[in-house]
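# Descriptive analysis of the structure
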Amino acid sequence: MIRDPSIAVRVLLREGCAELVPALKSELSLLDGCYEYNGKVCCDQSQLAFWAVMNNLISEEEASLYLNWKAFEDYIERALNEIGLKTLKHLRIYVEGKLVEYDVIGYDGKDVVVVECKRWNKMSRGEILKVAIKHREKVEGGKYYLKKFGDVAIPVVVVLRSVVPKGAPSLVVPIRYLREALANLDVFKLEYGIPLNK
């Protein structure tokens, strides 16, 4: 039986199922995608990788091998729902004659959190900065449509790694700090907010 959480995570990621001590078994059974089978715990790799990153059991680089786009976006959607926002995924609109897509939008009639998901592990600060600039432009360009969801849009780029460029025009948040950032949305709204009714 495996007792150490970081060893358990690595075995589960590699083999899919493992025999764990009761305390660890009960903790993992609360995760989406984990279940008991023949006395062992079995887990969906992507969901487990997210949980392990959030709990500092594996690095972002290790987790990136197991994460898929859907799990990344689902996690972001759940985090937005937890703070009381309704959500839409993969909203496509035309901005200046070009079709653009917003990965995840959270809204409540006042605030509109527009999220760009970047799951890539190998991104430099410069590359992330370019994404943040482009995302802000995309949100500003879509103001006419986004205003039906609220008064202020906050462009957010969620990345896997903890590499955040200074001076980015969008809020750049490593996935492990997303919930903390959303808890301070009013502060970030002052810095990054785009008024939608002007």
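Read on for a plain summary of the structure. (Residues numbered from 1 in each chain as written. Predicted model: local features only at pLDDT ≥ 70, side-chain atom pairs only at ≥ 80, totals over all residues. Heavy atoms only, no water.)

So, on to the side chain of K138. By the element assignment, K138 lies in helix α6 (residues 125-141). For K138, a relative accessible area of 15% gives the class buried. With residues near it in sequence (within four places) discarded, K138 still touches V95, V100, E101, Y102 and E116. (Helix = DSSP H or I, 4+ residues; strand = E, 2+ residues; numbered from the N terminus. Buried < 20%, exposed > 50% of the residue type's maximum accessible area, 1.4 Å probe, protein only. Contact = heavy atoms within 4.5 Å.)

Glancing now at the state of the cysteines. Summed over the entire model, instances satisfying the criterion amount to two disulfides. With a sulfur-sulfur separation of 1.9 Å, C17 is cross-linked through a disulfide to C42. Note on the C17 and C42 pair: the S-S dihedral is about 110 degrees, so by sign convention the disulfide is right-handed. Of this pair, C17 sits in strand β1 (residues 17-18) while C42 sits in strand β3 (residues 40-43), and the two are 25 residues apart along the sequence. A relative accessible area of 25% places C17 in the partly exposed class. Here C34 connects covalently by a disulfide to C43, the sulfurs 2.1 Å from one another. Disulfide C34-C43: the torsion about the S-S bond is 115 degrees, which places it as right-handed. Per residue, the accessibility class of C34 equals that of C43, and both read buried. The cystine pairing of the protein chain, numbering bonded cysteines in sequence order, is 1-3, 2-4. (Disulfide = S-S within 2.5 Å.)

Here we take up the packing of aromatic side chains. What characterises a pair of aromatic rings is the spacing of the ring centres plus the angle enclosed by the ring planes. Counted by the stated rule, this structure contains five aromatic pairs. Geometrically, the ring pair formed by Y107 and F149 is tilted, given 4.8 Å between the ring centres and 50 degrees between the ring planes. Within this pair, whereas Y107 is found in strand β5 (residues 98-107), its partner F149 is found in the loop between α7 (143-146) and β7 (152-159), the two being separated by 42 residues in sequence. Here Y107 and F149 have matching classes, each one buried. (Phe/Tyr/Trp six-rings, centres within 6.5 Å; stacked < 30°, edge-to-face > 60°.)

Before going further, it helps to examine the sheet that holds strand β2 (residues 34-37). Strand order in this open sheet of three strands is β1-β3-β2, and the pairing throughout is antiparallel. Of all the strands in the sheet, the pair left with one neighbour each is β1 and β2. With two bridges joining them, β1 and β3 adopt antiparallel strand pairing. For C17, the partnering residue across the bridge sits in β3 and is C42. (Pairing = 2+ DSSP bridges.)

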